[in-house]
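Letter by letter, the chains look like this.
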Amino acid sequence: MDHLFSVSRPRRTIAPGAVHIPGWLSTNRQRELVEQCREWARPPAPMRRTALPGGGRMSVSTVCLGWHWSPYRYTRTAVDVDDAPVPPVSPTLVDLGRRAVTDAYDDPAAGRAYEPDTALINFYDPAARMGMHRDKDERVNAPIVSISLGDACLFRFGNTESRGRPYTDVRLESGDLFVFGGPSRFAFHGVPLIHPGTGNAECGLTGGRLNITLRTTGLT
Ligand code: MD6
Ligand code: FE
């Protein structure tokens, strides 16, 4: 069955430096990560829908480790939440990131060199989405590692020039890995929709989607 699964969803290079590996994480590992996300979401510096400068809020809820992201900068405390210090990125997550980079680029040296200092954990309820954007508040072009848990989503991977076409639509499912680096590091991308009720029940999320992204800010 695992074999049939990987035949129907092969690993794919979406653009130079942008690699999708379906079914990268075992169900057990997914369940552990979901449990950890629940812990990280608690106060201090709890998960929240990020306030936007225009007065609205994002539909996605976010909690940060390492550095705290709020539009459009990184800080050591959750300045727009409760100003509590943000906990460090766990060594387990750093290790996961190194294995992700190794596997995506088939390059153990690139994996060893990977030193993510920040994790953003996003929760999408069935109505949440994320508009086309670039992750550009980091100062270095180390890859971003993205892990999906729970409901599947439509992930739109674009180009570095504009929010519009050309783009490639990719379905990200629970346990999938997407690595985003090299010439694709600053490409526009977004999540136009979630597919409610498509999650892996055994991973411990009854609804919605979690996305963990590991980044290197280059800040000290
Ligand atoms: C998401 N991801 O998958 C949103 N950014 O929920 C991102 O915005 C993202 O997956 C940079 C690199 C990978 C990503
Ligand atoms: Fe992003």
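In case you missed it, the structure is sitting above this.
What counts and what doesn't
Residues numbered from 1 in each chain as written. Chains lettered and ligands numbered in written order. Predicted model: local features only at pLDDT ≥ 70, side-chain atom pairs only at ≥ 80, totals over all residues. Heavy atoms only, no water. Helix = DSSP H or I, 4+ residues; strand = E, 2+ residues; numbered from the N terminus. Expected span 1.5 Å × (residues − 1). Buried < 20%, exposed > 50% of the residue type's maximum accessible area, 1.4 Å probe, protein only. Arc of directions from axis to C-beta. Pairing = 2+ DSSP bridges. Axes fitted to C-alpha atoms, helices over the stretch in contact; angles between N-to-C directions. Donors = N, O, S within 2.8 Å, 3.2 Å for Na, K, Ca; no water. Tetrahedral: all angles 85-135°; square planar, octahedral: opposite > 155°, others 65-115°. Near = heavy atom within 4 Å. Polar contact = N/O pair within 3.5 Å; in protein donor to acceptor, adjacent residues only side chain to side chain. Areas by Shrake-Rupley, 256 points an atom, 1.4 Å probe, with all protein chains shown as cover. Nonpolar A, V, L, I, M, F, W, Y, C, P; charged D, E, K, R; others polar. Contact = heavy atoms within 4.5 Å.

**Considering helix α3 (residues 91-105)**
Stage number 1. Between its first and last C-alpha, α3 extends 21 Å over 15 residues, near the 21 Å set by a 1.5 Å rise per residue.
Stage number 2. Of all the positions in α3, only Leu 93, Val 94, Leu 96, Gly 97, Ala 100, Val 101 and Ala 104 are classed as buried. All buried residues of α3 project into a common sector of 160 degrees when viewed along the axis, lining one side.
Stage number 3. One or two steps after α3, the chain reaches Asp 106, where phi turns positive at roughly 50 degrees.

**Comments concerning the sheet that holds strand β4 (residues 57-65)**
Stage number 1. Sheet architecture is open: eight strands sit in the order β1-β2-β12-β9-β14-β7-β4-β3, paired in antiparallel fashion. In the strand order of this sheet, the two ends are held by β1 (12-15) and β3 (48-51), each with one partner. Going from strand to strand, the sheet's axes swing by 30 degrees on average, the running direction of each strand aside.
Stage number 2. In this structure, β4 lies alongside strand β7 (residues 118-124), joined through five bridges in antiparallel fashion. Following the sheet pairing, Leu 65 is matched in β7 by Ala 119.

**Remarks on the coordination of the iron ion (ligand 2)**
Six octahedrally arranged donors around a metal ideally form angles of 90 or 180 degrees; four tetrahedrally arranged donors ideally form angles of 109.5 degrees.
Stage number 1. The iron ion (ligand 2) binds to the protein through His 133 (NE2), Asp 135 (OD), Asp 135 (OD) and His 189 (NE2); the donor distances cover 2.1 to 2.8 Å.
Stage number 2. Geometry at the iron ion (ligand 2) is irregular, judged from the six donor atoms that bind it and their angles of 50 to 178 degrees at the metal.

**Description of unusual backbone geometry**
Stage number 1. Cis geometry marks the peptide bond from Pro 71 to Tyr 72, where omega comes out at -10 degrees.
Stage number 2. Along the chain, the position of Tyr 72 falls in the loop between β5 (68-70) and β6 (73-75).
Stage number 3. The omega torsion across Arg 165 and Pro 166 is 0 degrees, close enough to zero to call that bond cis.
Stage number 4. Checked against the element boundaries, Pro 166 lands in the loop between β10 (152-157) and β11 (168-172).
Stage number 5. Despite not being glycine, Ala 45 shows a phi value in the positive range, around 50 degrees.
Stage number 6. If you check the backbone angles, Asp 106 has positive phi at about 50 degrees while not being a glycine.
Stage number 7. Tracing the backbone shows Asp 106 in the loop between α3 and α4 (108-113).
Stage number 8. When its relative accessible area of 70% is taken as the criterion, Asp 106 is described as exposed.

**As for the site of ligand 1**
Stage number 1. Taken together, 13 residues form the shell around ligand 1, and within it Tyr 124, Asp 135, Ser 146, His 189 and Arg 209 come nearest.
Stage number 2. His 133 places a side-chain nitrogen or oxygen 3.1 Å from an oxygen atom of ligand 1.
Stage number 3. Here Ser 146 contributes a side-chain N or O atom positioned 3.0 Å from an oxygen atom of ligand 1.
Stage number 4. In the complex, the protein chains occlude 99% of the 340 Å² of accessible area that ligand 1 would expose alone.
Stage number 5. Among the elements that make up the shell around ligand 1, the one with the highest residue count is strand β14 (residues 209-215) (three residues).
Stage number 6. By residue class, the composition of the shell around ligand 1 is six nonpolar, five polar and two charged.

**Some remarks on the environment of His 189**
Stage number 1. Mapping His 189 onto the fold places it in strand β13 (residues 189-195).
Stage number 2. Given the relative accessible area of 7%, His 189 is considered buried.
Stage number 3. As a C-alpha pair, His 189 and Phe 157 span 32 residues in sequence and 4.6 Å in three-dimensional space.
Stage number 4. In this view, His 189 contacts Gly 131, Met 132, His 133, Arg 134, Asp 135, Phe 155, Arg 156, Phe 157, Gly 158 and Phe 180; residues no more than four positions away in its chain are not counted.
Stage number 5. For His 189, the side chain forms a polar contact with the side chain of Asp 135, separated by 2.9 Å.
Stage number 6. In this structure the side chain of His 189 is engaged in a polar contact, spanning 3.0 Å, whose partner is the backbone oxygen of Ala 187.

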